[in-house]
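What follows is the residue order along each chain.
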Amino acid sequence: MRPPIASIALTAMIALPFSAQAQFAKVEDAVKYRQSALSVMGTHMGRVGAVVKGERPYDKAAVEADVAVIETMSKLPWSAFVPGSDLPNSKAKPAIWKEQDKFKAGAEKMQQEVAKLSTAAKSGDLNAVKSAFGGVGQACKACHDDYRNK
Ligand code: HEC
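Residues numbered from 1 in each chain as written. Predicted model: local features only at pLDDT ≥ 70, side-chain atom pairs only at ≥ 80, totals over all residues. Heavy atoms only, no water.

Asks: Got a minute to help me understand the packing of aromatic side chains in this structure?
Replies: By convention here, two paired aromatic rings are described through the distance between centres and the angle between planes. The final tally for this structure, using the stated rule, is six aromatic pairs. Their ring planes at 70° and their centres at 4.9 Å tell us that Phe81 and Phe103 sit as a pair that is edge-to-face. In this pair, Phe81 sits in the loop between helix H3 (60–73) and helix H4 (95–98) while Phe103 sits in helix H5 (residues 100–123), placing the two residues 22 residues apart along the sequence. By the burial criterion, Phe81 is buried, and Phe103 matches it. Considering the side-chain rings of Phe103 and Tyr147, the 5.3 Å spacing of their centres and the 85° angle between planes classify their relative orientation as edge-to-face. Note that Phe103 is positioned in helix H5 and Tyr147 in helix H6 (residues 126–147), a separation of 44 residues in sequence. According to the relative accessible area criterion, Phe103 is buried, its value standing at 9%. (Phe/Tyr/Trp six-rings, centres within 6.5 Å; stacked < 30°, edge-to-face > 60°. Helix = DSSP H or I, 4+ residues; strand = E, 2+ residues; numbered from the N terminus. Buried < 20%, exposed > 50% of the residue type's maximum accessible area, 1.4 Å probe, protein only.)

What follows is the structure in structure tokens.
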């Protein structure tokens, strides 16, 4: 009989597919995974953006919920930029794999800006949300300019 510790370890591995150890069966799966996470992140950025632009009324709880999704999603795409996954249906530029440190720094910068947005969302101060949202948007754009095809 297997010692119980082995099955606990196995369960932990299955429960944590998003760790840096994430493995994808096919490169196509990695592309789909990162595009999905980025797409959900973009949707919730759009919702907060509508509030920032005054197109939707400011509701503290709703913005906090949107930012919580953005924060979670902001951690997911990066382990899915596996080598060899600049497939035709991907907009990832090959430079990502030549400048991995710079790409990673761009992801970390964005996560720092999202953390500030989270603090602002919890404060309930719309002006703080607006200013932090601008910082996040710049971090998205900086990486897209360098590493995403049009
Ligand atoms: C470190 C680089 C980087 C940062 C930071 C970044 N992105 Fe991207 N994003 C990419 C790359 C590369 C792609 C193309 C992925 C692909 O097609 O394989 C992409 C694609 C997307 C897509 C298209 C997903 C789809 O449906 O295929 C959206 C939406 C998006 N990003 C939103 C955002 C938002 C919003 C932010 C900021 C909160 C952000 N991204 C920050 C690199 C980045």
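Next comes the rest of the description.
Asks: Quick question: what am I supposed to make of the coordination of the iron atom of the ligand here?
Replies: Angles at a metal have ideal values that depend on geometry: 109.5 degrees with four tetrahedral donors, 90 or 180 degrees with six octahedral donors. From the protein, the iron atom of the ligand takes a single donor atom, His144 (NE2), 2.0 Å away. By the element assignment, His144 lies in helix H6. (Donors = N, O, S within 2.8 Å, 3.2 Å for Na, K, Ca; no water.)

Asks: Sorry if this is basic, but what is going on with the layout of surface pockets here?
Replies: With a probe scaled to a water molecule rolled over the atoms, the places where space remains empty come into view. Reported here for the largest pocket is a volume of approximately 500 Å³. In terms of lining residues, the largest pocket is bounded by 26 residues, among which Leu38, Trp78, Phe81, His144 and Arg148 are the most central. Where the lining of the largest pocket is concerned, the elements lending two or more residues are helix H2 (27–52), H5 and H6. Along the lines of polarity and charge, the residues of the lining of the largest pocket split into 16 nonpolar, seven polar and three charged. (1 Å grid on protein atoms, 1.4 Å probe; cavity = no way out; pocket = protein on both sides within 12 Å on 5 of 7 lines; lining within 4 Å. Points joined across faces, edges and corners; volume = space filled by probe spheres on them. Nonpolar A, V, L, I, M, F, W, Y, C, P; charged D, E, K, R; others polar.)

Asks: Would you explain the pattern of salt bridges in this entry?
Replies: Pairing between side chains becomes possible if they bear opposite charge and their charged atoms approach one another. In the structure shown here, the tally under the stated rule is six salt bridges. In this structure, Lys60 and Glu64 form a salt bridge, with 3.0 Å as the shortest nitrogen-oxygen distance. With Lys60 and Glu64 both in helix H3, this residue pair falls four residues apart, about one helical turn. Across the salt bridge formed by Glu113 and Lys109, the nearest N and O atoms sit 2.8 Å from each other. With a gap of four residues between them, Glu113 and Lys109 both fall in helix H5, about one helical turn apart. Residues participating in the shared-partner salt-bridge network are Lys109, Glu113 and Lys116. (Salt bridge = Lys/Arg side-chain N within 4 Å of Asp/Glu carboxyl O.)

Function cannot be inferred from these measures alone, as they are strictly geometric.
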